[in-house]
Protein chains: 2
Amino acid sequence: MKQNKIIRPSLILDKQKCIVNISRMKTKADKNKVKFRPHFKTHQSAIVGSWFKEIGVSSITVSSVEMAKYFACNGWNDITIAFPLNVLEMDEINKLSTKVSLNVLIDNIETLSVLKQKVENRLGVYIKIDTGYGRAGIKSEDIEEIECLINEIKNCNSLLFHGFLTHAGHTYHTNSKNEIKNIFFETKTKMTALKKYFSKNGDIEISVGDTPSCSIVDDFSGIDEIRPGNFVFYDVMQKYLGSCGYEDIAVALACPVVAKYKSRNEVLIYGGGVHLSKEFILMPDGNKLFGEIVKFDKNSWKKPIENIYLSSLSQEHGIIKANPEFIEAIKIGDLIGVLPVHSCLTANLMKDFYILK
Amino acid sequence: MKQNKIIRPSLILDKQKCIVNISRMKTKADKNKVKFRPHFKTHQSAIVGSWFKEIGVSSITVSSVEMAKYFACNGWNDITIAFPLNVLEMDEINKLSTKVSLNVLIDNIETLSVLKQKVENRLGVYIKIDTGYGRAGIKSEDIEEIECLINEIKNCNSLLFHGFLTHAGHTYHTNSKNEIKNIFFETKTKMTALKKYFSKNGDIEISVGDTPSCSIVDDFSGIDEIRPGNFVFYDVMQKYLGSCGYEDIAVALACPVVAKYKSRNEVLIYGGGVHLSKEFILMPDGNKLFGEIVKFDKNSWKKPIENIYLSSLSQEHGIIKANPEFIEAIKIGDLIGVLPVHSCLTANLMKDFYILK
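The shown structure was predicted, so the numbers you read here are calculated from the model rather than taken from an experiment.

K.L.:
Got a minute to help me understand the relation of the copies chain A and chain B in this structure?
P.N.:
To go from the first copy of the chain to the second, apply a rotation about an axis and then a shift along the same axis. Note on the copies: chain A fits chain B at an RMSD of 0.0 Å, the axial shift is 0.0 Å, and the rotation between them is 180°. Expressed as a symmetry operation, the mapping of one chain copy onto the other fits a two-fold axis. Of every C-alpha in chain A, the one belonging to Lys278(A) sits nearest the axis of rotation, 2.8 Å from it. A shared binding surface is used by both copies, with 100% of the interface residues of chain A retained as interface residues in chain B.

Here you go:
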């Protein structure tokens, strides 16, 4: 990696790793004959988006109306806003839906009533289902409420009922691949049961989407669409969950080394919460891990250095818990890499990348 | 508050509260005859900066070269970059120091050697001292190392040795006002001892600066300069530390209500980690608190609603742990306010404010 132009914390994107991540998921989706509608909230980048387009992806997911507008401006015209509809943004949604095919999420009758009053153009609608995560959505067992929503959607000409959508985010709270597989199986069971129950309402799609499930599970039978997002970059959290290997993590934050404290075996880097976010992994010994440490080489970066890690963060400061060998080898003014714990939040903070080709 | 233009998460700044916070700290500094060099990393805003200027503040602190450049462009010409010098930014520092009076921080000889080789214009230098926080700085008892640095600074014509600077950030890990007072006393004792020991080197300034100390301590005798930053807005963390009351918190994130889940007494708002940051307070019962909840009124917002709080955050989602009364009273599409846990990180993410006058 050419380092001479980097003088402050900068997000480095390894294009080759990223392309491999994208292709692997696309191939898996194709093999399973499910629609691949990747979530673009992780990269939020027209350039990275173009790498998906090059291999034939044409439908995307975003998490906000603003993001939908950004990608619509960059040539994407089939977009699902995977966040329960915010009725205050109906004017913007109406504007955007004159230009692109837009899908929204509904999980309650109050929102649906406002949507029906205000919708001006054709909108696709998914009912958001909660299969156990407990964040958003109607519980999959609330059949009556779901039926009521379907009927209310179907009696509005501007709304096209697509099916059921869920995000099994509780895969992020697991300790093994088996737990993730079990959650996927439970989610699939609940979703396909709903599809069957409501099959009298015509074609019903099932859309699922967390990166841990989509990475670990091989068989998507019964599913119509997957919407993973984080897999495009992966991160240390996904490595800990078993979704990826270190070699799949496609982003690293390059941070200048500013001080070394031999007496406490610590190194201070320029790189803090405003660059990486404050997301951490709580380790078995009770310490917090804010990132793993890598050294850059000619083309990219090496595997994380064992037994050292980013142990604390403030606004601009990062502290590496190191050892005498590391401290001896590193120099003030060197650039050291940090693999982020949560690449979505890091990319959101950094906005831009240096792309390694 | 006029709410009709706010359709997505927006940071609301109550100017009156902010002005009171600024004036209170300025008055305290004046009364103690210490220089007031507020840290502008919290607001990062030329407009908020102008409110300081109006009451006679002319020197500021920032945490990055980029921030120094921004405020230099906005008329500030006496700036301390309170982050250990990053040698990779020397070209930018040399450019900036042709225009404004700049102070930098040094805590090791390696950095100082590079600085001496590369410095082109007059720069003020503080030696960063660690009085117990353990993040950056030379330990106050490392007299030999400090002496060596002073000598090396003094034999360079472009460098002007100003004195010792510390940030007693361990006040953030306390459980009572008394603990904060004790840390301040210990810090002051260590810093004044250094000043006395090195008094043969001419005038030596002592600069201290955390918001908890500056808010709680009344007597700054022995100190030459204070650099608090967070006090301009305060936040829930400062309220928990005892630095402020709820009535002093000058920012709230306005968030649209998107769903209500009666069965689990929770409310989903549009407002997540990309708006507030993932900073939380760990409560005695083991739950995490990501923000307190307020209702807006005609002019500003009321006190936090008791027994409900923001209990989890993902990228765009926020979950309020609520009760039946709250859920009954609130409607989809209402705007609810969140007092942030850490206003510096929230303001950094949001970039802009709606200012209530």
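K.L.:
Can you help me understand the interface of chain A and chain B in this one?
P.N.:
Frequently, the measure chosen for interface size is the accessible area that the parts lose on association. Counting residues at the interface gives 55 residues for chain A, matched by 56 residues for chain B. The contact between chain A and chain B buries some 4,700 Å² in all, and 55% of this surface belongs to carbon and sulfur atoms. By the criterion of area lost to chain B, the three top residues of chain A are Phe83(A), Arg135(A) and Gln315(A), representing 15% of everything that side buries. The tally of links between chain A and chain B comes to 10 salt bridges. Across the pair Lys260(B) and Glu110(A) runs a salt bridge, and its minimum N-O distance is 3.9 Å. Going through the elements one at a time, α3 (65–73), β4 (78–84), α5 (109–118), β11 (251–261), β12 (266–270), β17 (317–321) and α12 (343–350) of chain A are the ones with two or more residues in the side of chain A that touches chain B. For the side of chain A that touches chain B, the element with the most residues is β11(A), which contributes 5 residues. Broken down by class, the residue content of the side of chain A that touches chain B amounts to 24 nonpolar, 14 polar and 17 charged.

K.L.:
Got a minute to help me understand unusual backbone geometry in this structure?
P.N.:
Glycine aside, negative phi is the norm for most residues, and most peptide bonds take the trans geometry. Residues and elements named next belong to chain A. Phi is positive for Lys33, which is not a glycine, with a value near 55°. Mapped onto the secondary structure, Lys33 falls in the loop between α1 (15–31) and β2 (35–36). Of note in this structure, Gln44 is not a glycine but carries a positive phi near 50°. With respect to the helices and strands, Gln44 occurs in the loop between β2 and α2 (46–54).

Cut-off values and rules
Residues numbered from 1 in each chain as written. Chains lettered and ligands numbered in written order. Predicted model: local features only at pLDDT ≥ 70, side-chain atom pairs only at ≥ 80, totals over all residues. Heavy atoms only, no water. Least-squares fit on C-alpha atoms with pLDDT ≥ 70 in both. Contact = heavy atoms within 4.5 Å. Buried area = accessible area lost by both parts, 1.4 Å probe. Salt bridge = Lys/Arg side-chain N within 4 Å of Asp/Glu carboxyl O. Helix = DSSP H or I, 4+ residues; strand = E, 2+ residues; numbered from the N terminus. Nonpolar A, V, L, I, M, F, W, Y, C, P; charged D, E, K, R; others polar.

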